[in-house]
There are 2 protein chains.
Amino acid sequence: MELAKIGERELISHIAKSFSKGKDTVIIGAGEDDCAVLDMGGEDYLLVTTDMLHEETDFPLRMTGWQIGWMSVAVNLSDLASKGARPLGVLMAMGIPSDTELLFIDEVAKGMDDCATAFGTCMIGGDTGEHDELIMAGTALGTVKKEQLVRRKGAKKGDLVCVTGIPGRAGAALLALDRKLRVSQEMLKPLFEPMPRIKEGMALVESGSVSSMMDISDGLALSLHDMSKASGLGFRIYEDKLPALPGIKGLKSRDLLDAAVFTGGDFELLFTVPEEKLGAAKKACDFTVIGEVIESGVLIERGGAVEELKAKGYEHFKHA
Amino acid sequence: MELAKIGERELISHIAKSFSKGKDTVIIGAGEDDCAVLDMGGEDYLLVTTDMLHEETDFPLRMTGWQIGWMSVAVNLSDLASKGARPLGVLMAMGIPSDTELLFIDEVAKGMDDCATAFGTCMIGGDTGEHDELIMAGTALGTVKKEQLVRRKGAKKGDLVCVTGIPGRAGAALLALDRKLRVSQEMLKPLFEPMPRIKEGMALVESGSVSSMMDISDGLALSLHDMSKASGLGFRIYEDKLPALPGIKGLKSRDLLDAAVFTGGDFELLFTVPEEKLGAAKKACDFTVIGEVIESGVLIERGGAVEELKAKGYEHFKHA
């Protein structure tokens, strides 16, 4: 069987299953969550995550070198944010075409450094090699207090489903680019300069009010399916509770809904909160309640009707 | 200026200089050593390293999927070995062509898992994405007791220069492949299935006898220059002290010397030992004394004459 016939999630789960079980120090291993979690003794868990981006699919021509550097760090920090971790450091292995100008690499390095320092951490290492296409393979390390570890699983029936920010801003920008609409730099920012929710993630886990959490960088629908699979429960969200996206000339409201639900690129946090803890969560950061945890299924209520929300979104290996 | 005009070492140092200084928790940061070193409190330092390999330059067609997986983990473990670290876990971000057979990926995954478990650790995470060429970007984590941390710098004048194993075995195999000589699987093993010196690295730092250390995966000559730069001192080695390479039909003794000194691919450890601690070091593991630390220069003595040992070896960006 060729990989083109398998989705990315299925492939990761397939590979992870073939790995030997880790030692007791491995609290969360391969394929289980947004980060691996290790117990090194002490009060904190160590979290580590890796994410690889490359030119052809991740860096549109309009992106600057600085933005490429920023995004390559941000995508890794977002995985830390989704576990409420405090970042410890970032490494970047870069594959670089040999005809690249050094000044361009300087911009990329500045973008990496700016993103790391903006979120209270720094670049601590990496690797470089010659490659026909620009490749950025990042690794981020962080810590979280042991009693504050929040996983993808953990939601209980009746918990409220919540999301930070306005999902779909990156997706709407991507859609506008695909349709060759004229868009402002400002509109492209959520797509090209995503802000990992480090501060919000840390505040949420410190509030002790969150029962499960992940980021929605592959899209809201796919992430809801991930959390449903992890928790063994269902999720129902409501179209009219989704935070309204600013209109874009040339995009219809149906396009915007697609962007909000099915398109990746937003580094917002998706999490569940038991109803009685909503007040505590609200003190941690701004977010929107968009639905609730149910027995089974992943559903969206639109105009009074309930529809199944398909597991569509951003996967690196598309189903054939 | 284009990157083709800059060597890899110069590029890494250039990028690393542009990064903001880390916090006090960063003991060794970007571009300084084989691993980044973090202080998370407690008795141990946390070490982390990343290394990216790809098909075109790192995986000859004769390599099996299993060997590709093995090597991708081994190259990262070797960086841990060079600091005497105990491995904690390995992550692998994989870029995979979409027409790849799942069975091939299964072999790669088995190779990764076998290498990790062979050295007392496990695969704890990763990432997959579609790519036109197979790319393996690994990250390895490890720990070392704070008082046992050994760096690239630290050698003192008069220290003995030592190396584990037989440098050049991988290089000789590579040379034989380049010249299309018929070589046995056994001869290709050092090149395709390198053994990171985890056990030896740990034993050496525990013996407290080592003043500086690194691995020679980019070749002995380049590594001696790295240690010379780090310590601000010189190194002299002796051709007749280098462990003898087994002969290969079709390769002359001059070829073998080139393999031993200028060709990368061996995951042996290069380290310095103060003369009075040689006995303690010898109890830790097998190795060969090949020279001594001098005031300046990187020299090789051959047939009574002393030559300068050029900084030639494996660099991902070749000088034009």
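Residues numbered from 1 in each chain as written. Chains lettered and ligands numbered in written order. Predicted model: local features only at pLDDT ≥ 70, side-chain atom pairs only at ≥ 80, totals over all residues.

> Can you walk me through the overall build of chain A in this structure?
On a plain count of helices and strands, chain A comes out with 10 helices and 13 strands. A compact globule built from 320 residues should have a C-alpha radius of gyration of about 20 Å, and chain A, at 19 Å, falls within 12% of that. Overall, the C-alpha framework of chain A stretches about 55 × 55 × 45 Å when taken along its three principal axes. Across the 320 residues that make up chain A, the buried fraction comes to 57%. Nonlocal contacts in chain A, meaning residues at least 24 apart in sequence, comprise 84% of its contacts between residues at least 6 apart. (Helix = DSSP H or I, 4+ residues; strand = E, 2+ residues; numbered from the N terminus. Rg over C-alpha atoms; globule rule 2.2 N^0.38 Å. Buried ≥ 20, exposed ≤ 12 C-beta atoms within 10 Å, placed from the backbone. Contact = placed C-beta atoms within 7 Å.)

> Hey, could you run me through the relation of the copies chain A and chain B in this one?
Two chain copies, one operation linking them: a rotation about an axis together with a shift along it. When chain A is fitted to chain B, the residual RMSD is 0.0 Å, and the transformation amounts to a turn of 180 degrees plus an axial shift of 0.0 Å. Each copy turns onto its partner about a two-fold axis. No C-alpha of chain A lies nearer the rotation axis than that of Ala137(A), which sits 3.2 Å from it. Most of the interface of chain A is mirrored in chain B, where 100% of its interface residues again form contacts. (Least-squares fit on C-alpha atoms with pLDDT ≥ 70 in both.)

> Any chance you could explain helix α4 (residues 102–118) of chain A here in plain terms?
Owing to its 3.6 residues per turn, the α-helix aligns residues three or four sequence positions apart on the same side. Taking 1.5 Å as the rise per residue, α4(A) with 17 residues should run 24 Å; its terminal C-alpha atoms sit 24 Å apart, in good agreement. Among all positions of α4(A), only Ile105(A), Val108(A), Ala109(A), Gly111(A), Met112(A), Asp113(A), Cys115(A) and Ala116(A) are buried. In the core, the buried residues of α4(A) are packed alongside α3 (65–81), β4 (86–96) and β5 (123–130) of chain A together with α1 (8–18) of chain B. Two residues or fewer after α4(A) comes Gly120(A), characterised by a positive phi angle close to 75 degrees. (Expected span 1.5 Å × (residues − 1).)

> I would appreciate a short explanation of the sheet that holds strand β8 (residues 212–215) of chain B in the present structure.
Hydrogen bonds between backbone groups are what pair the strands of a sheet, and the pairing can be parallel or antiparallel. All names here are of chain B. Strands sit in the order β8-β10-β7-β11-β9-β12-β13 across an open sheet of seven strands; the sheet is mixed. One side of each edge strand has no neighbouring strand; the edge strands of this open sheet are β8 and β13 (305–308). The mean angle between the axes of side-by-side strands here comes to 25 degrees, regardless of whether they run parallel or antiparallel. As defined by bridge partners, strand β7 (residues 160–163) adjoins strand β10 (residues 269–273) across four bridges and the pair is classed as antiparallel. Residue Leu 160 lies in a different strand from β10, and its bridge partner there is Val 273. Against the sheet, helix α8 (residues 220–231) contacts β8, β9 (234–238), β10 and β12 (298–302), and its axis sits at roughly 145 degrees relative to β8. (Pairing = 2+ DSSP bridges. Axes fitted to C-alpha atoms, helices over the stretch in contact; angles between N-to-C directions.)

> I'm lost on the environment of Gly232(A) in this one. Help?
Inspection of the secondary structure assignment puts Gly232(A) in the loop between α8 (220–231) and β9 (234–238). In sequence terms Gly232(A) and Ser296(A) are 64 residues apart; their C-alpha atoms lie 7.6 Å from each other.

> Before we go on, may I ask you to explain the sheet that holds strand β12 (residues 298–302) of chain A in this structure?
Residues and elements named next belong to chain A. Taken in spatial order, the seven strands make up an open sheet running β8-β10-β7-β11-β9-β12-β13, and their pairing is mixed. Of all strands in the sheet, those with a lone pairing partner are β8 (212–215) and β13 (305–308), marking the two edges. Neighbouring strand axes in the sheet, compared pairwise and without regard to direction, differ in orientation by 25 degrees on average. For β12 and β13, the ladder comprises four bridges, and the chain directions are antiparallel. For Ile 300, the partnering residue across the bridge sits in β13 and is Glu 307. Here α8 sits on the sheet in contact with β8, β9, β10 (269–273) and β12, set at roughly 145 degrees to β8.

> What am I meant to see in the pairing of β4(A) here?
A regular strand places its side chains on the two faces of the sheet in alternate fashion. Residues and elements named next belong to chain A. Of all the 11 residues making up β4, 10 are buried; the element is thus mostly covered by neighbouring parts of the structure. Two elements, β4 and strand β6 (residues 135–145), share nine bridges in a ladder whose sense is antiparallel. The residue bridging Ala 93 from the neighbouring strand is Ala 137, located in β6. With seven bridges connecting them, β4 and β5 associate as parallel partners. Each residue of the ladder has a partner; that of Gly 95, found in β5, is Gly 129. Considered for its hand, the β-α-β crossover made up of β4, α4 and β5 is right-handed. (Right-handed = clockwise from strand over helix to strand, strands pointing away.)

> I tried to follow the interface of chain A and chain B on my own but got confused; where do I start?
Where interface size is quoted, it is often the accessible area lost as the parts come together. Counting residues at the interface gives 64 residues for chain A and 64 residues for chain B. Where the side of chain A that touches chain B is concerned, the elements lending two or more residues are α1 (8–18), β2 (36–39), β3 (44–54), β4, α4, β5 and β6 of chain A. Tallying contributions element by element places β5(A) first for the side of chain A that touches chain B, with eight residues. In terms of residue class, the side of chain A that touches chain B is built from 30 nonpolar, 23 polar and 11 charged. (Nonpolar A, V, L, I, M, F, W, Y, C, P; charged D, E, K, R; others polar.)

> Would you mind going over the pairing of β8(B) with me for this structure?
Residue and element names in this part refer to chain B. Residue alternation in β8 divides its side chains into two sets, Ser 212 and Met 214 and Met 213 and Asp 215, and both sets are buried. Inspection of the sheet shows β8 paired to β10 by four bridges, in the antiparallel sense. Directly across from Ser 212, in β10, lies its bridge partner Thr 272.

> I'm lost on the nonpolar core in this one. Help?
Considering soluble globular proteins, one finds that nonpolar side chains tend to be buried as a cluster. Counting 216 residues, the largest nonpolar core has Leu47(A), Met123(A), Leu270(A), Leu47(B), Met123(B) and Leu270(B) as the members making the most contacts within it. In contact with Met123(A), other than residues within four places in its own chain, are Val90(A), Met92(A), Met112(A), Asp113(A), Ala116(A), Phe19(B) and Ala30(B). (Core = buried A, V, L, I, M, F, W, Y, C linked by C-beta atoms within 7 Å.)

> Can you walk me through unusual backbone geometry in this structure?
Negative phi characterises most residues that are not glycine, and trans characterises most peptide bonds. Of note, the phi angle at Lys180(A) is positive, near 55 degrees, even though the residue is not glycine. Its place among the elements puts Lys180(A) in the loop between α5 (169–178) and α6 (185–192).

> What am I meant to see in the packing of α3(A) against α4(A) here?
Pairs of packed helices are described in terms of their axes, by the angle between the two and the distance that separates them. Residue and element names in this part refer to chain A. Orientation of α3 relative to α4, taken along the N-to-C sense of each, is 40 degrees, at an axis distance of 6 Å. The orientation of α3 with respect to α4, classified from their angle, is oblique. Considering how the two elements wind past one another, α3 and α4 form a crossing that is right-handed. Counted together, Gly 65, Trp 66, Gln 67, Ile 68, Gly 69, Trp 70, Ser 72, Val 73 and Ala 74 of α3 and Phe 104, Glu 107, Val 108, Ala 109, Lys 110, Gly 111, Met 112, Asp 114, Cys 115 and Ala 116 of α4 form the full contact between these two elements. Of the residues contributing to the contact of α3 with α4, the split by class is 11 nonpolar, five polar and three charged. (Parallel < 35°, antiparallel > 145°, perpendicular 65-115°, else oblique. Left-handed = near helix turned anticlockwise from the far one by under 90°.)

> How should the domain arrangement of chain A be read in this particular structure?
Residues and elements named next belong to chain A. Here chain A is partitioned into domain 1 (3–147) and domain 2 (150–308). Centre-to-centre, using C-alpha coordinates, domain 1 lies 22 Å away from domain 2. At the interface, 21 residues of domain 1 touch 20 residues of domain 2. Here the side of domain 1 that touches domain 2 gets 10 residues from one element, more than from any other, and that element is α3. Tallied by class, residues from the side of domain 1 that touches domain 2 come to 12 nonpolar, four polar and five charged. (Domains from an automatic or database assignment.)

> Sorry if this is basic, but what is going on with the environment of Asp266(B) here?
Residue and element names in this part refer to chain B. Position of Asp 266 among the secondary structure elements: in the loop between α9 (253–262) and β10. For the pair Asp 266 and Leu 174, spaced 92 residues apart in the sequence, the C-alpha separation amounts to 11 Å. Residues contacting Asp 266, with those up to four places away along its chain left out, are Gly 165, Pro 167, Gly 168, Arg 169, Ala 170, Gly 171, Pro 190, Ile 216 and Ser 217.

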